[in-house]
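# Architecture and fold: a report
So you can see what is in the structure, the chains are spelled out below.
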Amino acid sequence: MGNEHEKFSQRLAHAMQQAGYEPRPTVLFHLFNTRYRGRSVSVQTTSRWLGGRAIPAQDKLQVLADLLGVDPHVLRFGTNPRSRVAETRATWPAGAGSRERQVIDAFLRLPPKKRELVGDLVKALADEA
């Protein structure tokens, strides 16, 4: 049992890093609870997931997989289900951490007009540098 939990926590931490997040319980706590529609989880719960002491229920696993851009089966078991085609997700550049990823996620939730405004601001700031 423990070995299965540890392997899951390693896959979860790796998926977080690949998606541009620091694999820390507080980061996962905030990220997860912004998307999960059920009762919020605690920092202790995300700590157990990352610490190899627990594996989330299927509904929570699905949210984690969606957030991190991985197949839920791969996140849970470490292998692709035979009937699915593997889909890779681009990794974030080395300088992009959890803060940058949160900003980009917030940007992607903006309506098109506000996205355009933010894009103009970023371009103007980059031109000054």
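Keep in mind the model is a prediction, meaning the values are calculated, not measured. (Residues numbered from 1 in each chain as written. Predicted model: local features only at pLDDT ≥ 70, side-chain atom pairs only at ≥ 80, totals over all residues. Heavy atoms only, no water.)

## Comments concerning the nonpolar core
- With 23 residues, the main nonpolar core has Leu12, Met16, Phe32, Trp49, Leu68 and Leu75 as its most contacted residues.
- For this core, the secondary-structure elements that each account for two or more residues are α1 (2-18), α2 (25-35), α3 (43-50) and α4 (58-68).
- Looking at this core, the element that brings in the most residues is α4, giving six residues. (Core = buried A, V, L, I, M, F, W, Y, C linked by side-chain atoms within 4.5 Å. Buried < 20%, exposed > 50% of the residue type's maximum accessible area, 1.4 Å probe, protein only. Helix = DSSP H or I, 4+ residues; strand = E, 2+ residues; numbered from the N terminus.)

## Topic: the pattern of salt bridges
- All told, the structure shown has three salt bridges when counted by the stated rule.
- Among the salt bridges present, the one from Arg76 reaches Glu4, with a minimum N-O distance of 2.7 Å. One end of the pair, Arg76, is in helix α5 (residues 72-77); the other, Glu4, is in helix α1, with 72 residues separating them in the sequence.
- Exposure remark for Glu4: the relative accessible area of 38% places this residue in the partly exposed category.
- Glu22 is the partner of Arg24 in a salt bridge, and the nearest nitrogen-oxygen pair spans 3.9 Å.
- According to the relative accessible area criterion, Arg24 is partly exposed, its value standing at 41%. (Salt bridge = Lys/Arg side-chain N within 4 Å of Asp/Glu carboxyl O.)

## Thoughts on the side chain of Thr46
- Mapped onto the secondary structure, Thr46 falls in helix α3.
- Assessed through its relative accessible area of 0%, Thr46 is described here as buried.
- One polar contact links the side chain of Thr46 to the main-chain carbonyl oxygen of Pro25, over a distance of 2.9 Å.
- Not counting residues within four places of it along the chain, the set of residues in contact with Thr46 comprises Pro25, Leu28, Phe29 and Val41. (Polar contact = N/O pair within 3.5 Å; in protein donor to acceptor, adjacent residues only side chain to side chain. Contact = heavy atoms within 4.5 Å.)

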